[in-house]
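Summary of structural features
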Amino acid sequence: MKINIILAGVGGQGILTNAAVLDTAALACNLNIKQSEVHGMSQRGGAVESHVRISDKEIFSDLIPLGKADMIISVEPMELLRYLPFLKKDGLLVTDSNPFLNITKYPDLEELYAEIQSYPNSILIDAQKIAKDLGNSRATNIVLLGAASSQLPLSDESLIQAIKTLFERKGAKIVTKNTEAFNAGKEIAKEIFLKNIVS
Amino acid sequence: MKKLLLGNEALAQGAIDAGISGVYAYPGTPSTEITEYIQKSKIAQELKIHSNWSVNEKTAMEAALGMSYAGKRVMTVMKHVGLNVAADVFMNMAVSGINGGLVVVVADDPSMHSSQNEQDSRNYGKFALIPILEPSNQQEVYEITKHAFNLSEQMGLPIMIRMVTRLAHSRAGVEIGKRKLQNSIHLSKNPHQFQLIPVHARNRYQHLINIQTDSRENSENSYFNKFIEGSDNSMGIIASGIAFNYLMENFENGNCPYPILKISQYPLPKRQVKKLFDTCEKILVLEDGYPFIEELISDFLNENKKVIGRLTGHLSRVGELNPDNISKALGFDIKHTEKIPEIVSGRPPELCVGCGHRDLFNAINILGKENDNQKVFGDIGCYALGVLPPFNSINTLIDMGASITMAKGASDAGIHPAIAIIGDSTFTHSGMTGLLEAVVENTKMTVIISDNSAIAMTGAQDSSASGRLVTICKGIGVHPEHLKVLTPLHKNLEENIDLIRNEINYDGVSVIISQRPCVQLSKEKKDNIKHLLEIAIN
């Protein structure tokens, strides 16, 4: 068992939190992990990525080689495409649809969505709205993690337990909101997968 | 159970478990998390391990040497360019040697993710004639740190641990071992060891030269250097530090057919290198940073083309290694992968919304329109982003403190207005001496200290300058009439422009402190700074 995941977005969007959920769950399952992250200058509103590698065998490189990522989970739609060279053939793409507009040359949204949907295995959702409707727009990242969860080699129980562990000190309410966000992401992805199979 | 740690955190845990009594450091990416981990560690607090930030890397390293003089184990930590600042004590403490174990951790930044250059600290280690350790993964970081302190005390030398960004900022599960007790105070048996007047320095230097053989022998026998036999002798590979992982990544389950010499301890183990040379037709050298090993083992003209790597174009001379460029160097086919669609545009870092530097740059830019000759000399910190659009406010950016001294030189040459912009922490790190120089000659220039009361770029650590800037500038001799404080807010724009214009026109050195706390600071920290400023005024 071996999985390579790229987490993408803009500094401050919860990329490292998602990485921590994956790490914590994998460690609890006694799996090997390597997870690289970006600190320093780029964190200030710049493009941020994290490479997460989980395996039952020894993992060597901290970085995922080109064409070897099983999935890219992005909290921002344009940032998703930045890491396409890492995606393996027919790999999974999961992204929020809301652009983070801090640059002048942002692509046309219709064109951007069309590009994302041209990949057969893509999940483009308004995760921010789902999180907001649940009463916590800060859980957008967790909705996306939920949407990708059926393709992860980690059980829902272990991921939810990891969410509990990580958010525990912020109080029971935050734990509940994030667990709900995870489940909501999972549900909507299930619908999209079914629709893809039918069409 | 294993602990999930960044390479930097594994190093910090290793140092705690090696029984250090203190860490002395100045923040700098990618080294910052090492000291922060010790600052947050409960056990380190209980053991009263010193971990407050130092004013700069030189003061840090000197304090570390003082603790070592007292017989205790100590670590000093910095980014690669920080070692330039500490180079004086670094070179000399190799000559004096140490008493309590002393480890110098330097985090290099190949590809310059957050730096001005990609200098390779191994050159400094070689220059100082001390052993260098270069771990390849997080578990090894932990083990090698403990080893470093033992080696330091065994050899009586400071030891360098060289980290690189990718290892510093990557997490993995790490098995933690037992913790050693701290040393008690004990002094060197040789009363002249730390008295580097020529008569003693010559003895110490001769001693340093004499123990080089031991140092190399230690590398030959090091657990961290490994000769891995292979079946295909058409090529042998030397892989140092993290390069070893990228190499292994290219083979299923790490089954590489070529003989490999993995290097994690220097000086280079000569016998092992020779064994690889004697058995293999050519040698591929994989190392992150400069072609340090490659240069050592290539003959100057490299006519026999036996050694290949960065110098021969098999790998790029610049930039960090990764599994893909090593795959290419190994001669594997180039993979065809998806391209980045053209609609994707770059997203460089930017100043935070509401940041005080923004308001300062707005004022400076308006003044720049009034006078085409205005030149702005920048410095290291978040405000370096003023080089980029939309501000384009800064003309130079070289090293910590260079804003003030470059503005002085340019002013001496006849450039006016010459404006230096420097952060509060950078000012206390390396700006104060330059300001003194300008005061001594009353140079026509304006120094703006953009004071956000934090070392913001590296994560808003406490600044030594907080609440002290006015007193420091007065003490250095800045004329009180030309020492001004302003608040960079949009509503104050007009009055700030007037204030800066007046000082630019003054025929001498003026200092303006542009003061507003970093927006990333917690309310608690902001209140604390307010309190410090009130004390400073009263």
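Residues numbered from 1 in each chain as written. Chains lettered and ligands numbered in written order. Predicted model: local features only at pLDDT ≥ 70, side-chain atom pairs only at ≥ 80, totals over all residues.

1. Considering the overall build of chain A
This is how the line gets drawn: Numbering goes from the N terminus for both helices and strands, where a helix is a DSSP run of H or I of at least four residues and a strand is a run of E of at least two. The globule rule used here is 2.2 Å times the number of residues to the 0.38 power, and the radius of gyration it is set against is calculated over C-alpha atoms. Counting other C-beta atoms within 10 Å of a residue's C-beta gives its exposure: the residue is buried at 20 or more, exposed at 12 or fewer, and partly exposed in between, where C-beta atoms are placed from the backbone.
A tally of regular secondary structure across chain A gives seven helices and six strands. Listed by position from the N terminus, the elements making up chain A come as β-α-β-β-β-α-β-α-β-α-α-α-α. For a compact globule of 199 residues, the expected C-alpha radius of gyration is about 16 Å, and chain A comes in at 16 Å, within 12% of that figure. The C-alpha extent of chain A, read off along each of the three principal axes, is 45 × 45 × 40 Å. Counting every position in chain A, which comprises 199 residues, the buried fraction comes to 54%.

2. Overview of the overall build of chain B
In plain terms, the rule: Our contact criterion uses C-beta atoms placed from the backbone: two residues qualify when those atoms are within 7 Å.
Assigned secondary structure in chain B consists of 21 helices and 18 strands. Rg of the C-alpha trace for chain B: 25 Å, near the compact-globule value of 24 Å for 538 residues, within the 12% margin. In terms of overall dimensions, chain B has C-alpha extents of about 75 × 65 × 50 Å along its principal axes. Out of the 538 residues belonging to chain B, those deemed buried represent 53%. Here the contacts in chain B between residues at least 6 apart in sequence split such that 78% fall between residues at least 24 apart.

3. Regarding the interface of chain A and chain B
Selection rule: In the scheme used here, Gly and all other residues not listed as nonpolar or charged are polar, with Ala, Val, Leu, Ile, Met, Phe, Trp, Tyr, Cys and Pro taken as nonpolar and Asp, Glu, Lys and Arg as charged. Strand pairing is assigned whenever DSSP identifies at least 2 bridges connecting the two strands.
With 40 residues of chain A at the interface, the matching set in chain B holds 40 residues. Those elements that provide at least two residues to the side of chain A that touches chain B are helix H1 (15-28), strand S2 (32-36), helix H2 (77-82) and helix H3 (109-117) of chain A. No other element matches S2(A), which puts five residues into the side of chain A that touches chain B. For the side of chain A that touches chain B, a count of residues per class yields 18 nonpolar, 11 polar and 11 charged. Both S2(A) and strand S7 (residues 170-174) of chain B contribute to a ladder of two bridges, which runs antiparallel. Each bridged residue has a counterpart across the sheet, and for Gln35(A) the counterpart in S7(B) is Arg171(B).

4. Some words on the domain arrangement of chain B
Residue and element names in this part refer to chain B. Stated precisely, the cut-off is as follows: All the domain ranges listed were derived from an automatic or database domain assignment.
Domain assignment breaks chain B into domain 1 (3-210), domain 2 (226-329) and domain 3 (356-537). Taking only C-alpha atoms, the centre of domain 1 and the centre of domain 3 are 33 Å apart. Taken together, the contact between domain 1 and domain 3 spans 11 residues of the former and 11 residues of the latter. Its residues assigned to classes, the side of domain 1 that touches domain 3 shows six nonpolar, five polar and no charged.

5. Describing H3(A)
Residue and element names in this part refer to chain A. Counted only if it meets this: The arc refers to the directions leading from the helix axis to the C-beta atoms.
Considered for burial, the residues of H3 that qualify are Leu112, Glu115 and Ile116. Taken end-on, H3 shows its buried residues confined to a sector of 100 degrees, consistent with a single buried face. Residues of H3 that are exposed and angled more than 90 degrees away from the buried face: Glu110, Glu111, Ala114 and Gln117. Residues of H3 that are buried in the fold lie against H2, strand S5 (87-96) and strand S6 (122-125).

6. What about the packing of H1(A) against helix H6 (residues 156-167) of chain A?
Residues and elements named next belong to chain A. Test applied: Helix axes are fitted only over the stretch in contact, all axes being lines through C-alpha atoms; the angle between N-to-C directions runs from 0 to 180 degrees. Left-handed describes a crossing whose near helix is turned anticlockwise from the far helix through less than a right angle; right-handed describes the clockwise counterpart.
Look at H1 against H6: their axes get within 8 Å of each other, and the N-to-C directions meet at 115 degrees. The interaxial crossing formed by H1 with H6 has right-handed handedness. Judged by residue contacts, Ala20, Val21, Thr24, Ala25 and Ala28 of H1 engage Ser158, Leu159, Gln161, Ala162, Ile163, Thr165 and Leu166 from H6.

7. Concerning unusual backbone geometry
Residues and elements named next belong to chain B. The step from Tyr266 to Pro267 runs through a cis peptide bond, and the omega angle for that step is 5 degrees. With respect to the helices, strands and loops of the structure, Pro267 is situated in the loop between strand S11 (265-266) and helix H13 (270-279). The omega torsion across His416 and Pro417 is -5 degrees, close enough to zero to call that bond cis. The topology assignment puts Pro417 in the loop between helix H17 (402-413) and strand S15 (418-423). Of note, Asn253 is a non-glycine position whose phi angle comes to about 55 degrees, a positive value.

8. Here's the deal with helix H1 (residues 7-17) of chain B
All names here are of chain B. Counted residue by residue, H1 has 10 buried out of 11 residues, so it is predominantly covered. Taken together, the buried positions of H1 are Gly7, Asn8, Glu9, Ala10, Leu11, Ala12, Gln13, Gly14, Ala15 and Ile16. Gly19 lies just past H1 and shows a positive phi near 85 degrees.

9. What to know about the environment of Gly97(B)
Residue and element names in this part refer to chain B. Take Gly97: it is sitting in the loop between helix H6 (87-96) and strand S4 (102-108). Overall, the presence of 22 C-beta atoms within 10 Å leaves Gly97 in the buried class. Taking the C-alpha atoms as reference points, Gly97 and Leu65, separated by 32 residues in sequence, lie 9.4 Å from one another. In contact with Gly97, not counting residues within four places along its chain, are Gly156, Leu157, Gln193 and Arg204.

10. Thoughts on the sheet that holds strand S3 (residues 74-79) of chain B
Residues and elements named next belong to chain B. Ordered in space as S2-S3-S4-S6-S5-S11, the six strands form an open sheet in which the pairing is mixed. Unpaired on one side and paired on the other, strand S2 (22-25) and S11 mark the two borders of the sheet. Note that S4 and strand S6 (residues 159-164) share six bridges and pair parallel. In the sheet register, Val105 faces S6, and the bridge partner there is Ile161. Strand contacts of helix H4 (residues 57-69): S2, S3 and S4, with the helix running at about 165 degrees to S3, the strand carrying the most contacts.

11. Here we look at the pairing of strand S17 (residues 483-486) of chain B
Residues and elements named next belong to chain B. Formally: Orienting the strands away from the viewer, one traces the path from the first strand over the helix to the second; a clockwise path indicates a right-handed crossover.
Summarising the sheet, S17 and strand S18 (residues 509-515) pair through four bridges and their orientation is parallel. Looking at S18, one finds that Leu483 is bridged to Val511. Following the chain from S17 across helix H20 (residues 493-505) to the adjacent parallel S18, one finds a crossover that is right-handed.

12. What to know about the pairing of S15(B)
Residue and element names in this part refer to chain B. When you tally the buried positions in S15, you get six out of six residues, the bulk of the element. Taking every second residue as pointing to the same face, both faces of S15 are buried, with Ala418, Ala420 and Ile422 on one and Ile419, Ile421 and Gly423 on the other. By the bridge criterion, three bridges tie strand S14 (residues 375-377) to S15 in an arrangement that is parallel. Paired with Lys375 across the two strands is Ala418, which belongs to S15. Handedness of the S14-H17-S15 crossover: right-handed.

13. Some points on the sheet that holds S15(B)
Residue and element names in this part refer to chain B. Here five strands make up an open sheet; going across it, the order is S14-S15-S16-S18-S17 and the pairing parallel. Two strands lie at the open edges of the sheet, namely S14 and S17, each paired on one side alone. Averaged over all pairs of adjacent strands, the angle between their axes in this sheet comes to 20 degrees, without regard to strand direction. Here S15 pairs with strand S16 (residues 445-451) via five bridges, running parallel. Along S16, the bridge assignment pairs Ala420 with Val447. Relative to S15, helix H18 (residues 424-441) is tilted by about 145 degrees, and along the sheet it contacts S15, S16 and S18.

14. Quick look at the packing of H1(B) against helix H8 (residues 138-155) of chain B
How two helices sit against one another is set out by the angle between their axes and by the gap between those axes. All names here are of chain B. Basically, it comes down to this: We call two directions roughly parallel when the angle between them is under 35 degrees, roughly antiparallel when it is over 145, roughly perpendicular when it lies between 65 and 115, and oblique otherwise.
Running from N to C, H1 and H8 cross one another at 30 degrees; their axes reach a closest spacing of 8 Å. The pairing of H1 with H8 is recorded here as roughly parallel in orientation. The way H1 lies across H8 gives a crossing that is right-handed. Residues Gly7, Ala10, Leu11, Gln13, Gly14, Ala15 and Asp17 of H1 form the contact with H8, whose participating residues are Gln138, Val141, Tyr142, Thr145 and Lys146.

15. Looking at the environment of Tyr266(B)
Residue and element names in this part refer to chain B. Here Tyr266 shows up in strand S11. On the basis of neighbour counts, which here come to 26 C-beta atoms within 10 Å, the residue Tyr266 falls in the buried class. Along the chain, Tyr266 and Lys474 lie 208 residues apart, while their C-alpha atoms are 48 Å from each other. In contact with Tyr266, other than residues within four places in its own chain, are Arg122, Gly125, Pro131, Ile132 and Ser219.

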